[in-house]
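# Examining the three-dimensional arrangement
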Amino acid sequence: MNKIIKRYSTLAETNENLSCGKAIEFTPIKQGDICLDLGCGIGANTKHMASKTGKMGYSIGIDITDIMLKKASKSIDKNTNYAFIHSDIENIPLKNESVDVVISNCTFNHCIHKQSLWNEVYRILKPMTMVIVSDIYSHE
């Protein structure tokens with residue numbers, strides 16, 4: 001995990017990213033949705049989802065790298081309908097059935113305990129909602 005944190009911390013200081021997909025382009029977000037971006041990096045997709053949810057909705061980005069979250073949080077003010085949380089994605093600090101949409105770009109592949117991650121995603125999703133993952137994935 002330390003190699004991942006080092007790699008992404010270096011990227012946070014540039015305009016580059018390692019996104020392996022564009023899950024956001026396939027995400028039908030509605031006004032009032034609660035959205036989650038797992039492995040949010042500098043927060044571009046988190047902010048984009050927040051703009052689609054309107055004032056009644058909310059968007060949350062979770063990342064494990066402090067420097068990425070520091071960069072992502074620079075634009076937060078009291079009128080912002082998004083937030084960033086420092087956490088690993090195998091222990092999502094959200095309530096059961098609290099999220100309408102989960103997206104992730106190139107994050108699941110870093111997870112050691114993939115079944116734990118999927119269990120967490122299932123736990124936080126409301127019934128009849130959506131997960132969109134763009135990743136290179138291997139289940140062992």
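For the structure given in this document, a descriptive report is provided here. (Residues numbered from 1 in each chain as written. Predicted model: local features only at pLDDT ≥ 70, side-chain atom pairs only at ≥ 80, totals over all residues. Heavy atoms only, no water.)

### Some words on the sheet that holds strand 1 (residues 34-38)
- The parallel open sheet is built from five strands, whose spatial order is 3-2-1-4-5. In the strand order of this sheet, the two ends are held by strand 3 (82-86) and strand 5 (125-134), each with one partner. Sheet twist, expressed as the mean angle between neighbouring strand axes with direction ignored, is 20°.
- Bridge analysis of strand 4 (residues 99-105) against strand 5 gives six bridges, and the strand direction is parallel. The partner of Val102 across the bridge, within strand 5, is Val131.
- This element, helix 4 (residues 114-124), spans strand 1, strand 4 and strand 5 of the sheet and lies at about 140° to strand 5. (Pairing = 2+ DSSP bridges. Helix = DSSP H or I, 4+ residues; strand = E, 2+ residues; numbered from the N terminus. Axes fitted to C-alpha atoms, helices over the stretch in contact; angles between N-to-C directions. Contact = heavy atoms within 4.5 Å.)

### Thoughts on the pattern of salt bridges
- A full pass over the atoms with the stated rule returns three salt bridges.
- With a closest N to O distance of 3.7 Å, Asp33 and Lys30 form a salt bridge.
- A salt bridge links Glu120 to Arg123; its shortest N-O distance comes to 2.9 Å. Residue Glu120 and its partner Arg123 are located together in helix 4, separated by three residues, close to a single helical turn.
- Look at Glu120 and you get buried, because its relative accessible area is 13%. (Salt bridge = Lys/Arg side-chain N within 4 Å of Asp/Glu carboxyl O. Buried < 20%, exposed > 50% of the residue type's maximum accessible area, 1.4 Å probe, protein only.)

### Some details on helix 2 (residues 44-53)
- For helix 2, the full list of buried residues reads Asn45, Thr46, Met49, Ala50 and Thr53. Considered in projection along helix 2, the buried side chains sweep an arc of 140° and stay on one side of the axis. Turned more than 90 degrees away from the buried face of helix 2 sit Ala44 and Ser51, all of them exposed.
- For helix 2, the secondary structure elements touched by its buried residues are strand 1, strand 2 (58-63), strand 3 and strand 4.
- At the C-terminal side of helix 2, Gly54 shows a positive phi close to 75°. (Arc of directions from axis to C-beta.)

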